[in-house]
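So you can see what is in the structure, the chains are spelled out below.
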Amino acid sequence: MLSRQKYPRLEVTAGQQLGKIFQLKKGEYSLGTHKKCNIKLSGEYASELHAVIKQNEDGVWTLTNNSPNGTYVNQLQVDSVELDQFSTIQLGAENSVDFTPLHHQSAANDGSTGEPKKKTSKWVWIAAGIAMVYLPLFAYLQNLTGNIAAAVVPPVISLAEIEKVSVQSSEFLNSLTSGAVSYGGGVPASMSLYEQIKTGSYADEEEKTELIQKLVSKTKTHLTTAHHYFQMNLHNKAQLSLKSAMSVFPDHRYPAAGYAAKTITAIKQLHPKVLSPI
């Protein structure tokens with residue numbers, strides 16, 4: 001009898017885990033050379049935390065590149081891409097995995113055998129009746145427990161908060177009113193994005209907007225990397241990424257810098273023996 005697969009899966013087609021199949025049962029998987037990554041990579045151009053595959057609230061799986069060496073899906077370089085069909089993913093020079101989505105059938109038909117349907121047992125109907133009576137109660141209790149837990153222990157760092165603070169950071173930078181400074185020979189090469197925004201070293205509002213986008217994107221990348229490291233319990237590396245986020249625009253009024261500093265404090269309180277002194 002032919003049947004559909006229960007979960008999306010990754011099959012290693014090249015690399016040190018050749019032939020291994022990962023059933024994607026949980027919401028997030030890391031790929032890299034670090035020992036704590038879910039899927040181990042090796043060889044040239046493979047990074048410690050090379051990429052992350054994550055399922056969102058709608059059940060859609062997304063691949064996000066985290067390596068300066070790049071990640072390729074079906075021979076195209078990507079930063080972030082939804083995986084909604086069978087895809088071949090190349091990571092570094094020696095690693096390749098095939099992604100098979102949930103709706104992909106294991107055989108080229110609908111799995112029907114043409115056999116007559118069996119009569120449903122009375123115990124199935126009894127179980128269904130019990131479920132209809134008690135399931136709403138279980139759902140209510142689970143929701144109540146989840147709300148209490150969320151109120152007591154808020155997440156230390158979350159992607160939703162990173163998105164929120166990125167918007168706030170962009171608004172803050174746009175509110176800076178420094179007048180534009182004209183440079184006859186162009187902006188000095190040694191001047192950082194922070195210095196350009198802080199001193200108003202841009203030709204017009206269009207250039208200012210472009211500088212702000214670059215700066216906020218850089219900060220967001222560091223915060224997102226810190227989130228992935230924290231999910232992997234790599235607290236020292238998470239702390240370093242948070243420090244990098246703070247250094248992009250070292251101003252206590254900058255929302256992203258404040259969020260990074262607050263997150264470092266929260267992690268230190270949870271894991272005082274793991275983190276090195278700041």
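Residues numbered from 1 in each chain as written. Predicted model: local features only at pLDDT ≥ 70, side-chain atom pairs only at ≥ 80, totals over all residues. Heavy atoms only, no water.

**Focus on the overall build of the protein chain**
Then step 1. A count of helical and extended segments in the protein chain gives six helices and eleven strands.
Then step 2. Taking the contacts inside the protein chain whose residues are at least 6 apart along the sequence as the reference set, 47% of them involve residues at least 24 apart.
Then step 3. As displayed, the protein chain has an accessible area near 17200 Å², and 55% of this comes from carbon and sulfur atoms. (Helix = DSSP H or I, 4+ residues; strand = E, 2+ residues; numbered from the N terminus. Contact = heavy atoms within 4.5 Å. Areas by Shrake-Rupley, 256 points an atom, 1.4 Å probe, with all protein chains shown as cover.)

**Digging into the layout of surface pockets**
Then step 1. The space that makes up the largest pocket amounts to roughly 490 Å³.
Then step 2. The wall of the largest pocket is formed by 20 residues, among which Thr64, Asn65, Asn66, Thr221 and Thr224 lie closest to the centre.
Then step 3. Those elements that provide at least two residues to the lining of the largest pocket are strand S6 (61-65), strand S8 (76-78), helix H2 (159-175) and helix H4 (205-231).
Then step 4. Among the elements that line the lining of the largest pocket, the one with the most residues is H4, at seven residues. (1 Å grid on protein atoms, 1.4 Å probe; cavity = no way out; pocket = protein on both sides within 12 Å on 5 of 7 lines; lining within 4 Å. Points joined across faces, edges and corners; volume = space filled by probe spheres on them.)

**Remarks on the pattern of salt bridges**
Then step 1. In the structure shown here, the tally under the stated rule is five salt bridges.
Then step 2. Linking Lys54 and Glu28 is a salt bridge whose minimum nitrogen-to-oxygen distance equals 3.8 Å. Taken together, the residues Lys54 in strand S5 (residues 51-55) and Glu28 in strand S3 (residues 28-32) connect sequence positions 26 residues apart.
Then step 3. With relative accessibility at 26%, the residue Lys54 sits in the partly exposed group.
Then step 4. Judged by relative accessible area, Glu28 falls into the buried class, the value being 18%. (Salt bridge = Lys/Arg side-chain N within 4 Å of Asp/Glu carboxyl O. Buried < 20%, exposed > 50% of the residue type's maximum accessible area, 1.4 Å probe, protein only.)

**Overview of H4**
Then step 1. Given a rise of 1.5 Å per residue, 27 residues ought to cover 39 Å, and the 39 Å separating the end C-alpha atoms of H4 matches this to within 8%.
Then step 2. Two to three positions downstream of the cap, the backbone nitrogen of Glu206 sits 3.3 Å from a side-chain oxygen, assigning the N-cap of H4 to Asp204.
Then step 3. Looking one or two residues past H4, Asn233 carries a phi angle of roughly 65°, positive in sign. (Expected span 1.5 Å × (residues − 1). Polar contact = N/O pair within 3.5 Å; in protein donor to acceptor, adjacent residues only side chain to side chain.)

**Points about empty space enclosed by the protein**
Then step 1. For the coordinates displayed, the defined rule picks out one cavity of 30 Å³ or more.
Then step 2. Its volume calculated, the largest cavity comes out at about 40 Å³.
Then step 3. Residue assignment for the lining of the largest cavity shows that the elements contributing at least two residues are strand S1 (9-14), strand S4 (39-40) and strand S11 (95-100).
Then step 4. When its residues are assigned to classes, the lining of the largest cavity shows five nonpolar, five polar and one charged. (Nonpolar A, V, L, I, M, F, W, Y, C, P; charged D, E, K, R; others polar.)

**A short note on the sheet that holds S5**
Then step 1. The five strands lie next to each other as S4-S3-S5-S6-S9, forming an open sheet whose pairing is mixed. Each edge of the open sheet is held by one strand with a lone partner, namely S4 and strand S9 (80-82).
Then step 2. Sheet topology note: the S3/S4 ladder contains two bridges and is parallel. From the neighbouring strand, Gly32 faces S4, where its bridge partner is Lys40. (Pairing = 2+ DSSP bridges.)

**Digging into unusual backbone geometry**
Then step 1. Of note in this structure, Gln75 is not a glycine but carries a positive phi near 75°.
Then step 2. Among the secondary structure elements, Gln75 is positioned in the loop between strand S7 (71-73) and S8.
Then step 3. Of the residues examined, Gln75 reaches a relative accessible area of 75% and is grouped as exposed.
Then step 4. Even without being glycine, Asn233 reaches a positive phi, approximately 65°.
Then step 5. Along the chain, Asn233 falls in the loop between H4 and helix H5 (235-248).
Then step 6. Classification of Asn233 by relative accessible area gives partly exposed; the value is 49%.

**Here's the deal with the environment of Tyr29**
Then step 1. Inspection of the secondary structure puts Tyr29 in strand S3.
Then step 2. Accessibility expressed as a relative area gives 7% for Tyr29, which makes it buried.
Then step 3. Linking Tyr29 and Ile39, residues ten residues apart in sequence, is a C-alpha distance of 7.4 Å.
Then step 4. Residues contacting Tyr29, with those up to four places away along its chain left out, are Gln23, Leu24, Asn38, Ala51, Val52, Ile53 and Trp61.
Then step 5. A distance of 3.2 Å separates a polar side-chain atom of Tyr29 from the backbone oxygen of Gln23.

**Let's talk about the environment of Thr221**
Then step 1. Considering the arrangement of structural elements, one finds Thr221 in helix H4.
Then step 2. Placed 23 residues apart in sequence, Thr221 and Ser244 show a C-alpha to C-alpha distance of 9.8 Å.

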